[in-house]
Amino acid sequence: MTTGHAFVLGASGQVGRAVVRALATDGWEVTAASRGGGRDGRWPEEVRSVRLDRTEEGALAAGIGDGCDVLVDIVAYDRDHARQLTGLADRVGSAVVVSSGAVYEDDRGRSFDTQDEPDGFPAYPVPIPEEWPTVAPGDATYGTRKIALERELLAAGDSLPTTLLRAGAIHGPHCPGPRELWFVKRALDGRPVRILAYGGKSRFHPAHVDNLAELVRLAAARPGSRVLNGADPQAPTVAEIGAAIDAVLGVESERVLIEGAPEGPGGLVGLTPWTSEHPVVYDMAAAERELGYRPVVSYADSLPETVEWLAGRVREREWREAFPNLAKYGVDWFDYAAEDAWLAARG
């Protein structure tokens, strides 16, 4: 069994809950830090939970105290957070930090940041290796902030060995912006059709929280300075995801395919949280080679727990209230009137 002290920052979030559980099960002494200081019911009793807001001056240093063997940071987003970690290098053996697959750009300089621009959909290689080019570091977008975080931490590799995990489309219970809700709510509402753009073939590689937690567990036991992708063993199409969710809920629906981009007012008919003109699939060979990583759950096998959690959240409340992070994109993911009008016009 692995031994040592693991300090998990962002422990109450969807990934943090799974990470704490995986490390504690592996024999680590775990301190679970979050702004609320709450506990997950599936954590072992010996997990120590603490209330900690990293934005408060000196709070993280005080929380770590005399030090830890590994610091897992799930909520690091920019260069300043990286410097906060490297400033504690004398008290931290190694770090594992969650980054994002949003840092990649294609050979024409297109990335997740350019998808709303004309011809802005990035066309990545399939699958994307870690050596593929990334956006320039900066403060403008999520992707540029994440790559700035990565560069700062990798530059400090001699003093703080850090594994950076470029996560795919994170899913599982406790997700603040669950993509699966697009299908779950339609099933619960009795919608008979699923309108999908790009022929239902869009692929945005998912990453279940338990698979990310397994990567964290392995990286914690094998410190080093490295960048690894983090994703599930499969990258299903949006049509396959819809069929799998319908099967979990025991419903049947008609699939209506748009061969091109989403249509209708605002281009919302056929749009899903996975919709992309080109596939986004991450290469997991490096994690397998360097850490001996093997996924612990498939996408399909993970769905029943996720669907049950989602259904419970939206049965008695409006979806925007239940999932404000999904609503913040300014898209009405459930504009049934627009769908019905488009279907009627189609004949």
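Predicted, not measured: the structure shown is a model, and the values here were computed from it.

Calculation criteria
- Residues numbered from 1 in each chain as written.
- Predicted model: local features only at pLDDT ≥ 70, side-chain atom pairs only at ≥ 80, totals over all residues.
- Heavy atoms only, no water.
- Helix = DSSP H or I, 4+ residues; strand = E, 2+ residues; numbered from the N terminus.
- Rg over C-alpha atoms; globule rule 2.2 N^0.38 Å.
- Buried < 20%, exposed > 50% of the residue type's maximum accessible area, 1.4 Å probe, protein only.
- 1 Å grid on protein atoms, 1.4 Å probe; cavity = no way out; pocket = protein on both sides within 12 Å on 5 of 7 lines; lining within 4 Å.
- Points joined across faces, edges and corners; volume = space filled by probe spheres on them.
- Nonpolar A, V, L, I, M, F, W, Y, C, P; charged D, E, K, R; others polar.
- Pairing = 2+ DSSP bridges.
- Axes fitted to C-alpha atoms, helices over the stretch in contact; angles between N-to-C directions.
- Expected span 1.5 Å × (residues − 1).
- Contact = heavy atoms within 4.5 Å.
- Arc of directions from axis to C-beta.
- Right-handed = clockwise from strand over helix to strand, strands pointing away.
- Polar contact = N/O pair within 3.5 Å; in protein donor to acceptor, adjacent residues only side chain to side chain.
- Core = buried A, V, L, I, M, F, W, Y, C linked by side-chain atoms within 4.5 Å.
- Salt bridge = Lys/Arg side-chain N within 4 Å of Asp/Glu carboxyl O.

Let's talk about the overall build of the chain
- Each helix and strand counted, the chain has twelve helices and eleven strands in total.
- Computed over its C-alpha atoms, the radius of gyration of the chain comes to 21 Å, within 12% of the 20 Å expected for a compact globule of 347 residues.
- In terms of overall dimensions, the chain has C-alpha extents of about 70 × 45 × 35 Å along its principal axes.
- Here the chain, with 347 residues, has 54% of them falling under the buried criterion.

Quick word on empty space enclosed by the protein
- The full count for this structure, using the stated rule, is one cavity of 30 Å³ or more.
- Surrounding the largest cavity, Trp182, Arg186, Leu268, Val269, Leu271, Val331, Asp332, Trp333, Asp335, Ala338 and Glu339 form its lining.
- A per-class count over the lining of the largest cavity returns seven nonpolar, no polar and four charged.

A short note on the sheet that holds strand β6 (residues 162-167)
- Reading across the sheet, the seven strands line up as β3-β2-β1-β4-β5-β6-β10 and stay open at both edges, with parallel pairing between neighbours. In the strand order of this sheet, the two ends are held by β3 (48-51) and β10 (226-230), each with one partner. The sheet shows a mean angle of 20° between the axes of neighbouring strands, taken without regard to direction.
- For strand β5 (residues 92-100) and β6, the ladder comprises six bridges, and the chain directions are parallel. When the bridges of β6 are listed, Ala95 appears paired with Thr162.

Examining helix α1 (residues 14-25)
- Between its first and last C-alpha, α1 extends 17 Å over twelve residues, near the 16 Å set by a 1.5 Å rise per residue.
- Of all the twelve residues making up α1, ten are buried; the element is thus mostly covered by neighbouring parts of the structure.
- On its buried side, α1 packs onto β1 (5-9), β2 (29-34), β4 (68-73), β7 (169-171) and α6 (209-221).
- At the C-terminal side of α1, Gly27 shows a positive phi close to 105°.

Structural notes on helix α12 (residues 336-346)
- Among all positions in α12, only Tyr336, Ala338, Glu339 and Trp342 are buried. The arc enclosing the buried residues of α12, seen along the axis, measures out at 160°, which places them on a common side. Exposed side chains of α12 directed beyond 90 degrees from the buried face belong to Ala337, Ala344 and Ala345.
- Buried residues in α12 make contact with α5 (181-188), β8 (193-196) and β11 (254-257).

Brief notes about the pairing of β2
- Of all six residues in β2, five are buried; the element is thus mostly enclosed.
- Pairing geometry for β1 and β2, over five bridges, is parallel. From the neighbouring strand, Phe7 faces β2, where its bridge partner is Thr31.
- After leaving β1, the chain enters α1 and then returns to the sheet as β2, a path that is right-handed.
- Of the strand pairs in this sheet, β2 and β3 are connected by four bridges, and their pairing is parallel. Its bridge partner lying in β3, Thr31 is registered against Arg48.

Structural notes on the environment of His205
- Relative to the assigned elements, His205 resides in the loop between β8 and β9 (206-208).
- His205 gets classed as buried once you look at its relative accessible area, which sits at 3%.
- Linking His205 and Ala167, residues 38 residues apart in sequence, is a C-alpha distance of 9.2 Å.
- A polar contact is formed between the side chain of His205 and the backbone oxygen of Gln234, at a distance of 3.3 Å.

Observations regarding the environment of Ile195
- One can find Ile195 in strand β8.
- Accessibility expressed as a relative area gives 1% for Ile195, which makes it buried.
- Residues Ile195 and Trp342, spaced 147 residues apart in sequence, show a C-alpha to C-alpha distance of 10.0 Å.
- Not counting residues up to four positions away in its chain, the partners in contact with Ile195 are Trp182, Val256, Ile258, Val269, Gly270, Glu339, Trp342 and Leu343.

Quick notes on the nonpolar core
- Grouped together as the largest cluster of nonpolar side chains are 70 residues, with contacts concentrated most on Val8, Val19, Leu23 and Val72.
- In terms of residues, this core owes the most to one element, α6, which gives eight residues.
- What Leu23 contacts, discounting residues up to four positions off in sequence, is Ala6, Val8, Trp28, Val30, Val72, Arg217 and Ala220.
- One finds Val50, Leu85, Leu149 and Leu160 within the second-largest nonpolar core, a separate group that totals 22 residues.

With respect to the pattern of salt bridges
- Per the stated rule, a full pass over the model turns up 21 salt bridges.
- With a shortest N-O distance of 3.3 Å, Arg217 and Asp26 are connected by a salt bridge. With Arg217 in helix α6 and Asp26 in the loop between α1 and β2, this residue pair connects regions lying 191 residues apart in the sequence.
- A salt bridge links Arg194 to Asp246; the shortest N-O distance between them is 3.2 Å. You can see Arg194 sitting in strand β8 and its partner Asp246 sitting in helix α7 (residues 238-249), a full 52 residues away along the chain. You'll find Arg194 and Asp246 in the same group, each marked buried.
- Taken together, the shared-partner salt bridges in this structure form one network comprising Asp106, Arg108, Arg110 and Asp119.

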